[in-house]
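# Structural characterization, general
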Amino acid sequence: MDGKKFDVIIIGGGAAGLFLASQLPSELSVAIVESNDRVGKKLLATGNGKCNLTNLDMDVSHFNHPNFVGSFLERFGARDAIAAFEDIGLMTKAIDSRVYPYSECASTVLDVLRRAVEKRGTHIFTGHVVNSIKNIRGEFEVSGEAVNGKRGENFNYFANAVVLATGSYATFGKDSTSLFAALGHTVRPMAPSLAPIRTNKEPLKGLQGVRVKAGVRIGERCEVGEVLFKDFGISGIATFNMAGELARGRAKAGDVLIIDFMPEHSKAEVERMLSKRAHGVTSVGELMVGTFHSRVQERIAWAAGCSFEDRAEEKIGAIADAIKNYRLVIEGVGDASLAQVMSGGLNVDEFDENMMSRKCENAYAVGEAVDIDGDSGGYNLQWAWSSAKAAALNIAARSKERKIAYDV
Ligand SMILES: Cc1cc2nc3c(=O)[nH]c(=O)nc-3n(C[C@H](O)[C@H](O)[C@H](O)COP(=O)(O)OP(=O)(O)OC[C@H]3O[C@@H](n4cnc5c(N)ncnc54)[C@H](O)[C@@H]3O)c2cc1C
């Protein structure tokens, strides 16, 4: 296979690369070159193993570059992604607005993608780490090292079009955007976007491992959802979305992060509820029984500046305040090994509306390798599908034009 030429080489057999291959006409010879020993490894970990593949509430406000993403979503939005997956055999379902495979198993998504790319005759090279792309008079040479077996062997393949679908280094991925820097592209350094948040330790005492449904507020923005307390800070879906505020520079270390333990009630309502409970109880400890997880009760009392022995009715205002405004001080975003998504990547201004490079004709980038990141909830995979679909349609159209010109 060494030296073989293809119509298209896709570097990276993740969500975007596999979907792109599945959408290309079978007349085109396509190779996927993947560094892992199998394709779609990260896809299997998505949505806690369930793969939240898109969201019916698809709006540009969920992305860091709304203007850029808008036209991609207009052409290929959530409903189009669902239809495309149904076309290749996936049964889906929505839980609230989040869309999952009907099986709630990420492996089902990978199964249909693999079957679709295999059916169209895609060549899949696993264990192949690409370390160079060269544009030699309009033809691309993609080379690197095949790491299957004990000894690495060099490979080089050629193509008329090349697609960078290498994702990011969130969790167990890698950043290969430097491959496109060699074609003249600029890259915004990657930093964790959907990730846990590191905070001061005092308010976390004893809470490690406790999960609550709560509001997380930084400045004006508030997310309600699962919050998981860790020894270094907080995690969980609501936290992940708020970490995006830090990645986008709208919040910084030193800012206050508020946990609202009763997000569906105003502070006045919480006070009223506590006052009602206070009839017939004497101590703060008694007042708190039956409210929250026992360790949360202790920290709320601590934040309210009282002990369980204090008289309940004197502390109602302070306790209501601690329930609604449990303060943490942000120290930073958790590291990339704990992140789901990174912000940063290839500069979007250097790509057209089909994800073709403005620097190098017939070179495309899709998915998370590009500086687009979205909220938690299926938005990042939707970007993978939308960007890949736009590139696939353009590659197909340009290949057809090239063939007509050649035949004439
Ligand atoms: C734990 C976790 C849960 C997530 N859950 C969700 C979710 O439920 N919904 C959602 O929308 N998003 C979710 N995401 C984010 C989502 O998985 C990514 O945004 C998406 O996978 C990006 O697709 P991609 O194809 O761009 O990159 P990837 O899927 O990461 O694929 C990139 C591929 O390129 C390969 N590669 C990299 N460099 C090279 C190289 N030099 N040579 C050859 N191959 C290379 C990698 O090995 C990888 O297989 C989750 C992420 C994580 C980590």
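About the thresholds
Residues numbered from 1 in each chain as written. Predicted model: local features only at pLDDT ≥ 70, side-chain atom pairs only at ≥ 80, totals over all residues. Helix = DSSP H or I, 4+ residues; strand = E, 2+ residues; numbered from the N terminus. Buried ≥ 20, exposed ≤ 12 C-beta atoms within 10 Å, placed from the backbone. Contact = placed C-beta atoms within 7 Å. Pairing = 2+ DSSP bridges. Axes fitted to C-alpha atoms, helices over the stretch in contact; angles between N-to-C directions. Core = buried A, V, L, I, M, F, W, Y, C linked by C-beta atoms within 7 Å. Near = placed C-beta within 6 Å. Nonpolar A, V, L, I, M, F, W, Y, C, P; charged D, E, K, R; others polar. Expected span 1.5 Å × (residues − 1). Parallel < 35°, antiparallel > 145°, perpendicular 65-115°, else oblique. Left-handed = near helix turned anticlockwise from the far one by under 90°. Domains from an automatic or database assignment.

Across its full length, the protein carries 12 helices and 18 strands. Along the first, second and third principal axes, the C-alpha atoms of the protein reach 90 × 40 × 35 Å. Among the 408 residues that make up the protein, the fraction classed as buried is 46%. Considering only contacts in the protein between residues 6 or more positions apart, those separated by 24 or more positions represent 69%.

Spatially, the six strands close up into a barrel ordered β11-β14-β13-β12-β15-β16, and their pairing is antiparallel. Sheet twist, expressed as the average angle between the axes of neighbouring strands with direction ignored, equals 50°. Seen against the sheet, helix α7 (residues 237-247) touches β11 (197-199), β12 (211-218), β13 (221-229), β14 (233-235) and β16 (326-333) and runs at an angle of roughly 125° to β13.

Our focus in this paragraph is the nonpolar core. By size, the foremost hydrophobic cluster in this structure holds 74 residues, and its most contacted members are V8, I9, I11, L20, V163 and V366. Element by element, the count of residues in this core is highest for helix α12 (residues 379-407), at 10 residues. For L20, the contacting residues outside a window of four places in its chain are I10, V163, A165, V366, A388, A391 and A392. L274, V296, A304 and I330 belong to the second largest nonpolar core, which has 46 residues in total.

In this section: the site of the ligand. The immediate surroundings of the ligand are formed by 39 residues, with G12, G14, G47, G167 and G367 found nearest. Elements that contribute at least two residues to the shell around the ligand include exactly α1 (15-22), α2 (41-45), β7 (128-136) and α12. Among the residues forming the shell around the ligand, the class breakdown is 16 nonpolar, 18 polar and five charged.

Where β7 and strand β8 (residues 139-146) come together, eight bridges link them in antiparallel fashion. Residue pairing in the sheet places H128 in a bridge with A146 of β8. Two successive antiparallel strands, β7 and β8, enclose a turn made up of two residues, where R137 displays a positive phi of approximately 45°.

On to the sheet that holds strand β3 (residues 54-55), then. Within the open sheet, the three strands sit side by side as β3-β5-β4. Their pairing is antiparallel. The two strands at the open ends of the sheet, each matched to only one other strand, are β3 and β4 (92-95). Bridge analysis of β3 against strand β5 (residues 98-101) gives two bridges, and the strand direction is antiparallel. Each bridged residue has a counterpart across the sheet, and for N55 the counterpart in β5 is R98.

Given a rise of 1.5 Å per residue, 14 residues ought to cover 20 Å, and the 20 Å separating the end C-alpha atoms of helix α5 (residues 106-119) matches this to within 8%. Taken together, the buried positions of α5 are occupied by A106, T108, V109, L110, L113, R114, A116 and V117. Where α5 is buried, its residues contact α1, β2 (30-33), α2 and β5. Positioned one or two residues after α5, G121 has a phi angle of 80°, which is positive.

When we look at burial in helix α10 (residues 294-303), the residues that qualify are V296, R299, I300 and A301. The secondary structure elements touched by the buried residues of α10 are β12, α9 (284-288) and α11 (316-324). Of the residues flanking the end of α10, it is G305, one or two places downstream, whose phi is positive at about 75°.

Glancing now at the packing of helix α8 (residues 267-278) against α11. Put simply, α8 and α11 touch, their axes get as near as 9 Å, and they point 130° apart. Viewed along their axes, α8 and α11 adopt a mutual orientation that is oblique. Considering only the axes of α8 and α11, their crossing is right-handed. Only I316, G317, I319, A320, D321, I323 and K324 of α11 make contact with α8, whose side of the interface consists of K267, V270, E271, L274, S275 and A278. Of the residues in the contact of α8 with α11, the class split is seven nonpolar, two polar and four charged.

We note that the domain assignment places domain 1 (5-192 + 339-407) and domain 2 (197-333) within the protein. Spacing between the C-alpha centres of domain 1 and domain 2 amounts to 40 Å. Here the side of domain 1 that touches domain 2 is composed, by residue class, of two nonpolar, four polar and one charged.

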